[in-house]
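These are the residues of each chain, in order.
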Amino acid sequence: MEKRNLTLKSPSSGARNFRLGGKTAIVTGGGSGIGQAIALCFAANDAAVRIVDINLQQAETTAKQIADAGGQATAHACDVTNQRQVREVFGRLFAKERVQILVNNAGISHIGTVESTTEEDFDRLFRVNVKGVYNGMLACIGHMKANGGGVILNMASIAGSAALADRFAYSMTKGAVIAMTYSVAKDYVQHNIRCNCISPARVHTPFVDDYLRKNYPGREQEIYEELAKSQPIGNWRGDCEGLLRGRRDSSDRGPR
């Protein structure tokens with residue numbers, strides 16, 4: 001399968017998508033996959049990145065990759081389903097610096113219909129994908145209000161607004177993320193807090209690799225290529241450049 005290459009761009013390369021100098025961003029689930037790509041991309045464009053992940057080792061690896069390339073990043077262990085823990089981790093960061101950007105990226109996926117989704121699976125998806133986003137926003141809103149505003153970016157999915165087969169519980173959670181995003185955007189715009197979400201289609205992440213290994217043993221490459229061809233652009237990208245392609249114009253001003 002295609003190797004995912006999440007390379008931190010050199011600030012001197014001229015390949016800049018955002019202007020984030022002087023900004024600090026919290027990225028949940030930033031140790032791998034899309035979250036890692038976002039962390040690397042933000043750091044390449046001069047943001048100080050605080051990587052919050054349940055897997056501290058992965059978070060530290062990403063932070064080291066950023067630091068080795070001349071960027072600023074720190075790693076912090078946190079379970080986003082635990083509101084008390086989220087408040088504590090975020091609170092320690094707020095005590096040291098202003099955080100202008102929150103990326104609620106931490107999430108899990110699930111394959112199944114309403115009949116094949118167990119109550120345990122449903123609850124697990126809700127805790128991580130819905131409550132985790134709620135916990136992050138709740139912990140950050142007060143800090144942003146007190147410091148002149150900020151930007152909240154929630155990771156949704158096309159599954160939240162379009163019918164995808166075998167994604168019952170996952171679609172439920174991403175629909176909730178979209179609804180929460182609208183609500184927070186409406187309630188806090190007067191506080192100079194912008195709340196938006198991104199709804200990616202398929203992105204090559206570790207979940208995809210695990211899914212192919214479990215469901216198509218020995219046929220991983222074949223099925224991977226079939227899935228890639230189904231993408232509108234004829235392939236899929238697992239890096240930040242691919243994920244955020246087409247967003248440069250609207251993002252050029254950067255969070256304020």
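Every residue gets a number counted from 1 within its own chain, in the order that chain's sequence is written. Note on the predicted model: pLDDT of at least 70 is required for a residue's local features to be given, and 80 or more for side-chain atom pairs to be given and counted; whole-chain, interface and lining totals, by contrast, use all residues. Only hydrogens and water are set aside; all other atoms, that is, all heavy atoms of the structure, feed into the side-chain values.

Here six strands make up an open sheet; going across it, the order is β3-β2-β1-β4-β5-β6 and the pairing parallel. Both edges of this open sheet fall to β3 (72-77) and β6 (193-198), since each of them pairs with a single strand only. Strand-to-strand twist of the sheet, defined as the mean angle between neighbouring strand axes without regard to direction, takes the value 15°. What makes two strands pair is DSSP finding at least two bridges between them. Counting from the N terminus, the helices are the DSSP runs of H or I reaching at least four residues and the strands are the DSSP runs of E reaching at least two. As paired elements, strand β2 (residues 48-53) and β3 share six bridges and run parallel to each other. Each bridged residue has a counterpart across the sheet, and for Ile51 the counterpart in β3 is Ala75. On the sheet, helix α4 (residues 119-146) packs against β4 (101-104), β5 (150-155) and β6 and is oriented at approximately 175° with respect to β4. Axis definition: a line fitted to C-alpha atoms, limited for helices to the stretch in contact. Angles are taken between N-to-C directions and run from 0 to 180 degrees. Contacts between residues were defined by any pair of non-hydrogen atoms, one from each residue, lying within 4.5 Å.

For Asp46, which is not glycine, the phi dihedral falls at a positive 80°. Position of Asp46 relative to the elements: it lies in the loop between α1 (33-44) and β2. Burial classes: relative accessible area under 20% of the type maximum marks a residue as buried, over 50% as exposed, and values in between as partly exposed (1.4 Å probe, protein chains only). Under the relative-accessibility criterion, Asp46 is labelled partly exposed at 33%. For Asn192, which is not a glycine, the phi torsion comes out positive at approximately 60°.

Let's shift gears to α1. Look at α1: 17 Å from first C-alpha to last across twelve residues, which is about the 16 Å you get at 1.5 Å a residue. Of all twelve residues making up α1, twelve are buried, and the element is well covered by its neighbours. Those residues of α1 lying buried are Gly33, Ile34, Gly35, Gln36, Ala37, Ile38, Ala39, Leu40, Cys41, Phe42, Ala43 and Ala44. Note on α1: the residue one or two positions beyond its end, Asp46, has a positive phi of about 80°. Each helix should span, by expectation, one fewer than its residue count multiplied by 1.5 Å.

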